[in-house]
Amino acid sequence: MLTQRLVLTGDEAHDKPLIQQAAAIIRAGGLVAFPTETVYGLGADALNSEAVRRIFTAKGRPAWDPLIVHVDTPDAIRRYTRDCSVLTEQLIRAFMPGPLTLVLPKQEAISDVVTAGRDTVAIRIPQHPVARALIRYSGTPIAAPSANKFGRPSPTTADHVLHDLNGEIEAVLDAGQTPMGVESTILDMTTQPPTLLRPGGVPKEAIEAIIGRVRVLGEPIPEGESLPAPGLSARHYAPQAKVLLCAPEPDIFYGTLKDALSQYAIVGALRPDSWRAPDDPRLRLFEWGAWGDWETLAQRLFLGLRALEKEQAHAIVCPLPPEEGLARALRDRLLRAAR
Ligand code: TXA
Ligand code: MG
């Protein structure tokens, strides 16, 4: 199969027919990768089991790992789920469209293939104008995991998508780099209090300011144990290189690089601005951004991991962000990549 790259320019007259072409592919049961404000998604018609099955094949994703359904209005959330509580309504008002996914009891119409046979569905309203137009023109909810091969870092550019999935999907809508760079926050609304299944674009603190306390799962759980978010298996978001995390202190970063250079032929690093690194031709530095500027660091995290992998780094050194705000999402992804 030939994968078409549909390059968007941001000009409505130019982009509209291309997004409509992508929507026609979705309606016909095909697969289209598209940008969201978080990462690129791999979309199919969520009401078409055959189409959704193809997502699992293309990604190499196990059938027990359910997908997120993308819709364009709060009404669509109510249509495809049951028991929208007061808390759910408050979250919809505060954060949607945006990088928040809610796990809710599902309605019949959503394919069991999407939910891996569960009676709940993960659902969100993306904010990216291209994602919203695609859903609208398709006239159907779109099931979409991140558009990477299973276990790999999520794609933040169309090149990343094609690197993993060229020849296995009908098209990718290319709108450049995604603005946030880490995936949505996933909140399970079927527990009391709600449970944070995956930290992401909407910080836990912002959610708690609206609905009060939420429960947090512990650190990554070993592979194979039963998990509330089945896809959050421990090693995930991982480049081929070994990821080595260090405490977020410039001196410790420097020392960790020295150590790594004594053990690995080529060493990469996600380097915070102006942090010192040894002078060694075997070192590959990705200039990450200012430490503490979590928006920038989030946007560039997967980009950096993939760039260093391309430079054949055998190990990638990275300081570990703290457990607060948006940094919590970066910390989570890095801990999983380092397993
Ligand atoms: O930002 C995002 O959320 C991106 C964009 C494309 O929307 N999507 C994304 O999807 O990250 P994915 O498939 O890579 O991650 C979805 C996670 C998986 O870990 C899956 O196990 C979990 O959501 N999940 C899906 N449905 C669930 C359900 N009913 N209950 C619990 N967890 C669920
Ligand atoms: Mg994913």
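Residues numbered from 1 in each chain as written. Chains lettered and ligands numbered in written order. Predicted model: local features only at pLDDT ≥ 70, side-chain atom pairs only at ≥ 80, totals over all residues. Heavy atoms only, no water.

(A) Just the sheet that holds strand E14 (residues 283-289), in detail. The strand order E12-E15-E13-E14 describes an open sheet built from 4 strands, whose pairing is parallel. Every interior strand has two partners, whereas the edge strands, strand E12 (242-246) and E14, have only one. Strand-to-strand twist of the sheet, defined as the mean angle between neighbouring strand axes without regard to direction, takes the value 25°. By the bridge criterion, 6 bridges tie strand E13 (residues 267-272) to E14 in an arrangement that is parallel. Note on E14: the bridge partner recorded for alanine 269 is leucine 285. Here helix H9 (residues 250-263) sits on the sheet and contacts E12, E13, E14 and strand E15 (315-319); the angle it forms with E13, its principal contact strand, is near 170°. With respect to the sheet, helix H10 (residues 294-310) is in contact with E13, E14 and E15, its orientation differing from that of E14 by roughly 160°. (Pairing = 2+ DSSP bridges. Helix = DSSP H or I, 4+ residues; strand = E, 2+ residues; numbered from the N terminus. Axes fitted to C-alpha atoms, helices over the stretch in contact; angles between N-to-C directions. Contact = heavy atoms within 4.5 Å.)

(B) Examining unusual backbone geometry more closely. Going from methionine 96 to proline 97, the amide bond is cis rather than trans, its omega being 0°. Among the structural elements, proline 97 can be located in the loop between helix H4 (86-95) and strand E5 (100-105). In this structure, serine 274 takes a positive phi of about 65° despite not being glycine. Exposure remark for serine 274: the relative accessible area of 75% places this residue in the exposed category. (Buried < 20%, exposed > 50% of the residue type's maximum accessible area, 1.4 Å probe, protein only.)

(C) Representation of the packing of aromatic side chains within the structure. Under the counting rule described, the total for this entry stands at 5 aromatic pairs. Look at phenylalanine 253 and tryptophan 275: their rings are 5.6 Å apart centre to centre, the planes differ by 70°, and that puts the pair in the edge-to-face class. Note that phenylalanine 253 is positioned in helix H9 and tryptophan 275 in the loop between E13 and E14, a separation of 22 residues in sequence. We note that phenylalanine 253, like tryptophan 275, is buried. For the ring pair tryptophan 291 and tryptophan 294, a centre distance of 5.0 Å and an interplane angle of 80° mean the geometry is edge-to-face. The exposure class assigned to tryptophan 291 is partly exposed, which follows from its relative accessible area of 25%. In this structure, arginine 136 is placed above the aromatic ring of tyrosine 137, and the distance from its NZ or CZ to the ring centre is 5.7 Å. A cation over a ring is seen here: arginine 333 above tyrosine 237, with NZ or CZ 5.3 Å from the ring centre. (Phe/Tyr/Trp six-rings, centres within 6.5 Å; stacked < 30°, edge-to-face > 60°. Lys NZ or Arg CZ within 6 Å of the ring centre and 35° of its normal.)

(D) Layout of the domain arrangement of the protein chain. If you check the domain split of the protein chain, you get domain 1 (4-216) and domain 2 (242-337). For domain 1 and domain 2, the distance between their C-alpha centroids amounts to 28 Å. Taken together, the 26 residues of domain 1 in the interface contact 14 residues of domain 2. Contact between domain 1 and domain 2 buries roughly 1700 Å² in total, counting both sides, with carbon and sulfur atoms accounting for 53%. A salt bridge links arginine 328 to glutamate 205; the nearest nitrogen and oxygen atoms lie 3.4 Å apart. At the surface where domain 1 touches domain 2, the tally comes to 9 residue pairs in polar contact (both at pLDDT 80 or more). Listed by contribution, the elements that provide at least two residues to the side of domain 1 that touches domain 2 are helix H7 (158-165), strand E10 (195-198) and helix H8 (204-211). (Domains from an automatic or database assignment. Buried area = accessible area lost by both parts, 1.4 Å probe. Salt bridge = Lys/Arg side-chain N within 4 Å of Asp/Glu carboxyl O. Polar contact = N/O pair within 3.5 Å; in protein donor to acceptor, adjacent residues only side chain to side chain.)

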